[in-house]
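Summary of structural features
So the chains spell out like this:
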Amino acid sequence: MNFLRGVMGGQSAGPQHTEAETIQKLCDRVASSTLLDDRRNAVRALKSLSKKYRLEVGIQAMEHLIHVLQTDRSDSEIIGYALDTLYNIISNDEEEEVDDVEEENSTRQSEDLGSQFTEIFIKQPENVTLLLTLLEEFDFHVRWPGVKLLTSLLKQLGPQVQQIILVSPMGVSRLMDLLADSREVIRNDGVLLLQALTRSNGAIQKIVAFENAFERLLDIITEEGNSDGGIVVEDCLILLQNLLKNNNSNQNFFKEGSYIQRMKPWFDVGDENSGWSAQKVTNLHVMLQLVRVLVSPTNPPGATSSCQKAMFQCGLLQQLCTILMATGVPADILTETINTVSEVIRGYQVNQDYFASVNAPSNPPRPAIVVLLMSMVNERQPFVLRCAVLYCFQCFLYKNQKGQGEIVSTLLPSTIDATGNSVSAGQLLCGGLFSTDSLSNWCAAVALAHALQENATQKEQLLRVQLATSIGNPPVSLLQQCTNILSQGSKIQTRVGLLMLLCTWLSNCPIAVTHFLHNSANVPFLTGQIAENLGEEEQLVQGLCALLLGISIYFNDNSLESYMKEKLKQLIEKRIGKENFIEKLGFISKHELYSRASQKPQPNFPSPEYMIFDHEFTKLVKELEGVITKAIYKSSEEDKKEEEVKKTLEQHDSIVTHYKNMIREQDLQLEELKQQISTLKCQNEQLQTAVTQQVSQIQQHKDQYNLLKVQLGKDNPHPGSYSDATQVNGIQPEEVGRLREEIEELKSNQELLQSLLAEKDSLIENLKSSQSSAGTNELSSATASAQDSEQIAELRQELATLKAQLNSQSVEITKLQTEKQELLQKTETFAKPAPASGESEAVAAAKTADAEGRLSALLQETKDLKNEIKALSEERTAIKEQLDASNSTIAILQNEKNKLEVDVTDSKREQDDLLVLLADQDQKIFSLKNKLKELGHPVEEEDELESGDQDDEEDEDEDDGKDQGHI
């Protein structure tokens, strides 16, 4: 503290000796007294002396006061006195009674003392942490002075205190609780504290935002009455600005949280008679600035466009346009509203289209753009308002070719209103361009240049504009009239505006360059302006003339023989000199106002004489200065080579574009084929699943059939019984012979069908091999052919599996035929007819019907399998046709493809015929099975068979008894 003691000793008017002793005694009492009341009274006394004797109390008592904060936390009264005393020591608030002579010296000394005492306090970071802990106390006498003290610390040494709070556990969260305090004094001072805390610290800004600050602040603004609220609303808005400005993360969080929608009620200003208080004007001004923070051109384009979209969807833009067209709005609010609307619509087509449809409440209604342009070219309007209108017009045309075309169309002869009842935007721009007011000339020229920015079509259209200069004289073009005004030697601001318009007009437009050079007086005027040695004020005009002449060379298509590129460069070398020309061209970027205009798109000038450069024009100069310098030094041969290179590049670009289109089409076709293949795979999987289910069902039926055969074998080993004779009763020898013939015929038909199937399989293999060899001729279809071949192979394998199953069933049929032969042999053995009772015939009929039902089910399953074979065959044919279609572009294989298609069709027809024959064979086999059942293959369940055996034994006993009776 030696430096503070030196400051104290250097004061001309210090405290008396008795007061210094009093402060020392009070400090001793605070340090040594054991009674809390004594310490409390001493701290209270120090508080009363701290304002008048700030230096002395700070030097002697600060350490003791910090000790009180650490040890006496249980007594809120002494803690409050200590915090108030520290606040008086550190704060730079001035006393009410200050002499005018000593005011300046006192203020400087007060600021110096505040920063020094703050540095002493935060030298120990634990002191700040202790203060944050005290803020958790709900007692008013502790929390409020603690808030004021921490705010004062942040004002004195903000970055250092911010860093201590940032690393303190839950430091920022503790401060956020102040916004929820029910006592307005603490809540309002808490807003001021957060303002100082969030200033220029992105990390703390993010923490505060994610602690639900937006929700709480917007609630406070709503509770206080939005724009009609008091200074608390202004403080909350400034805090919101701190959180959002240049902080992309918080801006995105604000948008995603739907907080933009809650801004709309702010701009509901009511009727014009509601009054505009000073605080309301201030609040609305800050609200408009907050909207601009979200859509600032310096923000990332994606974030800006998303905020612009949200503002249109929630009706915020419409609300701003209502204020824009309202009457009785203060001038500064109207100006800021224009600037805000400008940035809300800048570069976003939907908002620009809406703004173009806004009409002023006049009779008849006029577009808002026309009303604003009337203010811009009116020299009686305030300067800042005219700048705001120009910025609004620029933002309306920024990246808006549709709007540019609408503005230029109002100048064309076919769209001008012949009655003169309405004034268009183009007429206002022409009126301002040729006005006697130099500021109107500059604004109109810049506005018209923005209507041509990066739009070659409108540059060509503007060449059609004709102006009537006076009665009796023929009309002249707008381009010629601009050069005429230049040659008349008007004010510098007017000439600079016209030269910027001409440079923008001629750049990247060879047709406009040709029109400009067609006037023989233009080139001599430019060379004369550049070659003269004029003062510093004219150097800027000389530089712009050099830029215009350089554009006429660089974008010259050599259509005018007298002003070809090479001749113009020779003219520069003879009359000006290349070095002198480049030096004059460099005057533009070296001008002091050039760098200022290149920083921000908004034309923000302190006074009209500073209104020289446009932001978009500075970008054009930066783009063209280097290429024009190279073009001046290039020879004619280099120009020719460059033209050839340009042509080659154009051809290359066209070829690349062509191949890109081809690749794009092939990608689409490939995607379609992939989708088709995926669909076929799904169908194939479904068919495989169905086949698996059918195979399992067939296996179940086989097991049941085998079980029936075993049961049937148990019934037949009784040769002595007359049941066999009973079962074959009624079968004639002629019918038995006929059945034998039919079996032989079915065998021969089955062998024939098997041979035909083998031939078709070999034909399909040949087709597959021929298509595989044909698919190798084109690289683009190789992958698809391979995939199709694999699928065909899989389908072929499945078909072979199904055929194997069919063969196994044929083997079973053969077994049945063998069993039939055995039955026929039995019929020969029991040739004599035996009488059968009614009951035995009924039992045999029941058994035969049950066996017929089971074999019918087996035959139905066989039929289903054949249908599956047919479906797989058709699917294979479809894949073959798809493969043929993918190779249709190869002309050499066209004939072979047609042959393959014919072969596949014939094969399909023959396979269908084979399937019909197989179906007929199955029908015959089914009828044969029925007859076999009639010949004596009864099949029943086990219990039914046992009951049937008992009945047979009883019948046999009765028959034996009858025979003995007859004997």
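Residues numbered from 1 in each chain as written. Predicted model: local features only at pLDDT ≥ 70, side-chain atom pairs only at ≥ 80, totals over all residues. Heavy atoms only, no water.

As recorded by an unreviewed UniProt entry, the chain carries the name General vesicular transport factor p115 and is attributed to Suricata suricatta. As stated in UniProt under Sequence similarities (unreviewed entry), the record for the chain gives "Belongs to the VDP/USO1/EDE1 family." According to the UniProt record, the Function (unreviewed entry) comment for the chain reads "General vesicular transport factor required for intercisternal transport in the Golgi stack; it is required for transcytotic fusion and/or subsequent binding of the vesicles to the target membrane. May well act as a vesicular anchor by interacting with the target membrane and holding the vesicular and target membranes in proximity." (UniProt positions renumbered as here; feature names shortened; annotations may be inferred.)

What follows is about the overall build of the chain. Helix and strand counts for the chain stand at 41 helices and 4 strands. Relative to its 967 residues, the chain shows a buried fraction of 46%. Long-range contacts, defined here as pairs at least 24 residues apart, represent 75% of the contacts in the chain between residues at least 6 apart. About 48800 Å² of surface is accessible on the chain, with carbon and sulfur atoms providing 51% of the total. (Helix = DSSP H or I, 4+ residues; strand = E, 2+ residues; numbered from the N terminus. Buried < 20%, exposed > 50% of the residue type's maximum accessible area, 1.4 Å probe, protein only. Contact = heavy atoms within 4.5 Å. Areas by Shrake-Rupley, 256 points an atom, 1.4 Å probe, with all protein chains shown as cover.)

Further remarks concern unusual backbone geometry. Residue asparagine 363 is joined to proline 364 through a cis peptide bond whose omega torsion reads -5°. Note on placement: proline 364 falls in the loop between β1 (359-360) and β2 (366-367). One non-glycine residue, glutamate 454, adopts positive backbone phi at about 55°. Checked against the element boundaries, glutamate 454 lands in the loop between α24 (438-450) and α25 (456-462).

So, about the confidence of the model for the chain. Any segment with low pLDDT has predicted coordinates that should not be analysed in fine detail. On average, residues of the chain score 82 in pLDDT, and 78% of them reach the 70 mark or higher. Low pLDDT, under 50, characterises residues 774-785; the stretch is placed with 11 contacts to residues that sit more than four places away or in other chains. (pLDDT = per-residue confidence, 0-100.)

Compared with the 20 Å implied by 1.5 Å per residue over 14 residues, the 20 Å span of helix α13 (residues 231-244) between its first and last C-alpha is a close match. Counting buried positions over the 14 residues of α13 gives 12, a clear majority of the element. Where the residues of α13 are buried, they touch α11 (184-198), α12 (202-223), α14 (248-256) and α15 (278-294). (Expected span 1.5 Å × (residues − 1).)

Further remarks concern the side chain of asparagine 226. Within the element layout of this structure, asparagine 226 appears in the loop between α12 and α13. Apart from the residues lying within four places of it in its own chain, the contact partners of asparagine 226 are Ile221, Val233, Pro265, Trp266, Asn283 and Met287.

Attention now moves to the packing of helix α30 (residues 536-554) against helix α31 (residues 565-575). Running from N to C, α30 and α31 cross one another at 150°; their axes reach a closest spacing of 9 Å. Taken together, α30 and α31 sit at an angle that is classed as roughly antiparallel. Between α30, through Leu549, Ser552, Ile553 and Tyr554, and α31, the contact on the second element is made entirely by Lys565, Leu568, Lys569 and Ile572. In the contact of α30 with α31, the residues fall into 5 nonpolar, 1 polar and 2 charged. (Axes fitted to C-alpha atoms, helices over the stretch in contact; angles between N-to-C directions. Parallel < 35°, antiparallel > 145°, perpendicular 65-115°, else oblique. Nonpolar A, V, L, I, M, F, W, Y, C, P; charged D, E, K, R; others polar.)

By the secondary structure assignment, threonine 304 is in helix α16 (residues 301-313). Exposure remark for threonine 304: the relative accessible area of 10% places this residue in the buried category. Apart from residues lying up to four places away in sequence, threonine 304 is in contact with Leu294, Val295, Ser296 and Asn299.

A few words now on the environment of proline 364. A residue is classified by how much of its surface remains accessible, and proline 364, at 55% relative accessible area, is exposed. As for proline 364 and serine 422, which are separated by 58 residues in sequence, their C-alpha atoms are 9.0 Å apart.

Listed in full, the buried residues belonging to helix α22 (residues 401-409) are Gly403, Gln404, Gly405, Ile407 and Val408. Looking at the buried side of α22, the elements it contacts are α21 (383-397), α23 (425-433), α24 and α25.

With that settled, consider the pattern of salt bridges. Within the structure shown, the criterion is met by 21 salt bridges. Among the salt bridges present, the one from glutamate 256 reaches lysine 255, with a minimum N-O distance of 2.7 Å. Across the pair glutamate 343 and arginine 292 runs a salt bridge, and its minimum N-O distance is 3.0 Å. Taken together, the residues glutamate 343 in helix α18 (residues 331-345) and arginine 292 in helix α15 connect sequence positions 51 residues apart. On the basis of relative accessible area, glutamate 343 is assigned to the buried category, the value being 5%. Within the structure, one salt-bridge network assembled from shared partners comprises Asp37, Arg40, Arg44, Asp75 and Glu77. (Salt bridge = Lys/Arg side-chain N within 4 Å of Asp/Glu carboxyl O.)

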